[in-house]
Structures are given as C-alpha cells and as structure tokens.
Amino acid sequence: MSNEEVLKAVFPLLEGVDLASCMEVCKQWHEVAQDDYLWKCLCAKQWPSICKRASPPAMTYYKLFQTFYKRQHRRTLLPPRLSFSDLEFYIDIWMEGKVIFSEVVPGPLLQSGIKNPPPRICDMLKFHLEGPEYKMTLSVIPRFTVPLTQTASVSVLVGRKDSNKVACIINKSIFDYVDHTAYRALAYDYLDFSPVYPFVAGIRAWISLLFVDDGRDGIIEVFGIEMDFCDAANSEKEVLWLLDMLDWK
C-alpha cells in the first residue's frame, strides 16, 4: 500500500481540526487532505441538511467548514507578560537511547532563527523557511547524522529567568514521520497547561529536524531544528502567551 493510499484510508477518520493540521505537514498531505469530498463528509456531520441542497454551495466544503465551524472572532491580544529574553530552552535528542544533541538555547537565539540556510537544501524546505508562517528555528552546529533505521526521540523544556521555574513542552516524543519531499523529520506532544486554565487542552507543540542529503542511503544530515505551535499560535505574541499558560513548576 502506497503512502497516498494510507493517507486516503486514515484521513476520513479524522476530525476537521486534525485534518486541517495535516494539511500543514507537507505537500503530499496537503494535496490529499484538501480533497473536498473529505470536507463534505465533515460538513454532513455538522450540518446534515446542507448536503441535501439541490445545487452545491458556492464555496468549497472545505471553505464552508473553515468559515462556520466553531467560528471565533479574533481579538487583539494584550502585550504578553513574557519575552524571549526571559526564556531559555533545553533541547535533548536521543538516538536509540544515546544523547546525540543536548543544548541550552537562549530564547533570543531561537527567536532570531536560521539566518543562512545551507546551499544544499531542497527548494520546498527553502520556501518553507522563507515563508510568512511564524516559526522558531535554530542552526545545529556541528551538524549530526541520523540513520533512518534507528529511533530518534526528543524532549524540550523551557525555563523562566524571572521566576526560575521550568515547564515541559515535549516529553520524549519520537520522530515518527520523515517527509522526504520537504526534508523534515517531525515529532509532537500535547502541551500541559496550568490548572488555572482548565478549558485549554489539545494544543500540540511540533518539532522538526531539518536536514539535507548526506549522500548515503538511509542517513540524514541535520542542519537545523524548528519548533512551532501552529495548532493555536501563529505569531510571536501568541507563542509567548501560550508559553505563559504552561504548567510551570
């Protein structure tokens, strides 16, 4: 069974929010997930009568779902109480239980991102890094290699300098999907929020290994790390508010 056949079997089982997140993973996932039949089925669950119309709606079913499902009015956020200068990130990556990357990353360094991507990166990854979507990226120096036959996992903690507290962002998640089209290996975990926010849940932190061809089959050469919270935060201000809401210890 091909990757596309697997996706076409799995995507109809997802809820709309998760299917929309899948569209952000890579080009292939986007093309499969934007099939309007999938969105028609989701619309039929929410508004069965809309699919009984004699003529289809003027907009696509994807646009219909996106427009009306749990529609929220965007509000102007107050200035966040945190800044990246208040934060430092503790990133550890293992391969088969052995640490291959372990760094304390100052917030401003992750905020500033990768300034000079290597010349050998693929066009799709270059387009992604230069795109307008908010993301936090870090150059990996020295680079490290990962055999795709071995299991790599990651943990990310974040510390606050103002209170000396620490929160967990990702806890030993496995890089279980390698996108050979966009040259990214992805892992995610669900964020743990403070009990002060009992109704906030289901938001994921995503982390990616950015790589280039090593020249050897089955081995990737990692030049960068990317982290984002695209489920809920798409700007620096939103990311800082999200981090402020974590369960700090």
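Residues numbered from 1 in each chain as written. Predicted model: local features only at pLDDT ≥ 70, side-chain atom pairs only at ≥ 80, totals over all residues. Heavy atoms only, no water.

Novice: Explain the pattern of salt bridges residue by residue, including any values.
Specialist: Considering all chains together, one arrives at 9 salt bridges under this definition. For Glu-226, the salt bridge is made with Arg-184, and the minimal N-O distance between the two is 3.9 Å. Taken together, the positions of Glu-226 in strand S9 (residues 219-228) and Arg-184 in strand S7 (residues 184-190) put the pair 42 residues apart, joining distant regions of the chain. Comparing Glu-226 with Arg-184, the two get one shared label, buried. A salt bridge links Asp-231 to Arg-204, with the shortest nitrogen-to-oxygen separation between them at 2.8 Å. Here Arg-204 lies in strand S8 (residues 204-213) and Asp-231 lies in the loop between S9 and helix H8 (236-244), a separation of 27 residues in the sequence. Owing to a relative accessible area of 28%, Asp-231 belongs among the partly exposed residues under this scheme. Salt bridges linked by common partners bring Arg-81, Arg-160, Asp-162 and Asp-244 together as one network. (Salt bridge = Lys/Arg side-chain N within 4 Å of Asp/Glu carboxyl O. Helix = DSSP H or I, 4+ residues; strand = E, 2+ residues; numbered from the N terminus. Buried < 20%, exposed > 50% of the residue type's maximum accessible area, 1.4 Å probe, protein only.)

Novice: Now, about the nonpolar core: what can you tell me, with residues and values included?
Specialist: In globular proteins that are soluble, nonpolar side chains generally tend to be buried together. Among the nonpolar cores identified, the biggest contains 54 residues, and Phe-89, Ile-169 and Phe-229 are the most heavily contacted of them. Per element, the largest residue contribution to this core is 6 residues, and it comes from S8. Apart from the residues lying within four places of it in its own chain, the contact partners of Phe-229 are Met-136, Ile-169, Leu-191, Arg-204, Ala-205, Val-239, Leu-242 and Leu-243. Among the nonpolar cores identified, the runner-up in size contains 20 residues, and Leu-19, Met-23, Tyr-61 and Leu-64 belong to it. (Core = buried A, V, L, I, M, F, W, Y, C linked by side-chain atoms within 4.5 Å. Contact = heavy atoms within 4.5 Å.)

Novice: Explain the environment of Ile-169 residue by residue, including any values.
Specialist: Structurally, Ile-169 can be placed in strand S5 (residues 166-174). Put simply, Ile-169 and Leu-243 are 74 residues apart on the chain and 8.7 Å apart in space, counted from C-alpha to C-alpha. Discounting residues that sit within four places of it in the chain, Ile-169 has contacts with Phe-89, Val-156, Leu-157, Val-158, Asp-189, Leu-191, Ala-205, Met-227, Phe-229, Leu-243 and Leu-246.

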